[in-house]
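Next come the chains, spelled out residue by residue.
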Amino acid sequence: MDSEVTGKGVCKGMALIVEQPAANWYKSQMELGQGDHVRIYVRLGGCGSVHPGLSLGVMQDEPREIGVQHTVDGIHYFIEKDNMWYLEEKDLRISFDAANEEIIMTVQ
């Protein structure tokens, strides 16, 4: 298992943590391979817990200016610098709830 957190120096005090089961789920569902990039971004709508009316989306995309990233099994999960305001200097943890077969994003 290859897991590496990088980018903490860009936005001090914030981290992106993608747990292995979540990374496995994304890899399978999005057909990701070594070297691919997955962007976590702020979107309008949904049930976000940090800012009402906003939530986080996920898509395969190439980075422009990474604010924070976490690499798991050679796949780079990242948040662009211009979306870091959503975290309010907190960490984003992405986990997988196997019982409900769903991704859980927690800002803490």
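Residues numbered from 1 in each chain as written. Predicted model: local features only at pLDDT ≥ 70, side-chain atom pairs only at ≥ 80, totals over all residues. Heavy atoms only, no water.

Caption draft 1: Representation of the pattern of salt bridges in the model. According to the stated counting rule, one finds 4 salt bridges in the structure shown. When the shortest N-O distance is used, the salt bridge between Arg39 and Asp61 registers 2.9 Å. Taken together, the residues span a long stretch of sequence, with Arg39 in strand β3 (residues 37–44) and Asp61 in the loop between β4 (54–60) and β5 (66–72) at a distance of 22 residues. Judged by its relative accessible area of 23%, Asp61 is partly exposed. Among the salt bridges present, the one from Glu65 reaches Lys81, with a minimum N-O distance of 3.8 Å. Linking Glu65 in the loop between β4 and β5 with Lys81 in the loop between β6 (75–80) and β7 (92–97), this pair joins segments that are 16 residues apart in sequence. Lys81 sits in the partly exposed class, given a relative accessible area of 40%. (Salt bridge = Lys/Arg side-chain N within 4 Å of Asp/Glu carboxyl O. Helix = DSSP H or I, 4+ residues; strand = E, 2+ residues; numbered from the N terminus. Buried < 20%, exposed > 50% of the residue type's maximum accessible area, 1.4 Å probe, protein only.)

Caption draft 2: Main features of unusual backbone geometry. The phi dihedral of Glu31 is positive, around 55°, even though this residue is not glycine. With respect to the secondary-structure elements, Glu31 resides in the loop between α1 (20–29) and β3. For Asp73, which is not glycine, the phi torsion reads 50° and is therefore positive. Within the secondary structure, Asp73 is located in the loop between β5 and β6.

Caption draft 3: The arrangement of the pairing of β7 in detail. As defined by bridge partners, strand β2 (residues 16–18) adjoins β7 across 3 bridges and the pair is classed as parallel. Residue pairing across strands places Val18 opposite Ile94, the latter belonging to β7. In the sheet, β7 pairs with strand β8 (residues 102–107) via 6 bridges, with the strands oriented antiparallel. What sits directly across from Phe96, in β8, is Ile103. (Pairing = 2+ DSSP bridges.)

Caption draft 4: Structural view of the nonpolar core. If you look at the biggest cluster of nonpolar residues, it comprises 22 residues, and the most contacted ones within it are Leu16, Val18, Ile40, Tyr77, Ile79, Leu92 and Ile94. At the level of elements, β2, α1, β3, β4, β5, β6 and β7 are the ones that each hand at least two residues to this core. Leave out the neighbours within four places in its chain, and Ile94 touches Leu16, Ile17, Val18, Glu19, Ala22, Tyr26, Ile40, Ile103, Ile104 and Met105. (Core = buried A, V, L, I, M, F, W, Y, C linked by side-chain atoms within 4.5 Å. Contact = heavy atoms within 4.5 Å.)

Caption draft 5: The arrangement of the pairing of β6 in detail. Within β6, 5 of the 6 residues are buried, which leaves it mostly tucked inside the rest of the structure. Direction of pairing for β3 relative to β6: parallel, over a ladder of 3 bridges. Each residue of the ladder has a partner; that of Val38, found in β6, is Tyr77. Here β5 pairs with β6 via 6 bridges, running antiparallel. The residue bridging Thr71 from the neighbouring strand is His76, located in β6. In this antiparallel pair of consecutive strands, β5 and β6, the connection spans 2 residues, and Asp73 shows a positive phi of 50°.

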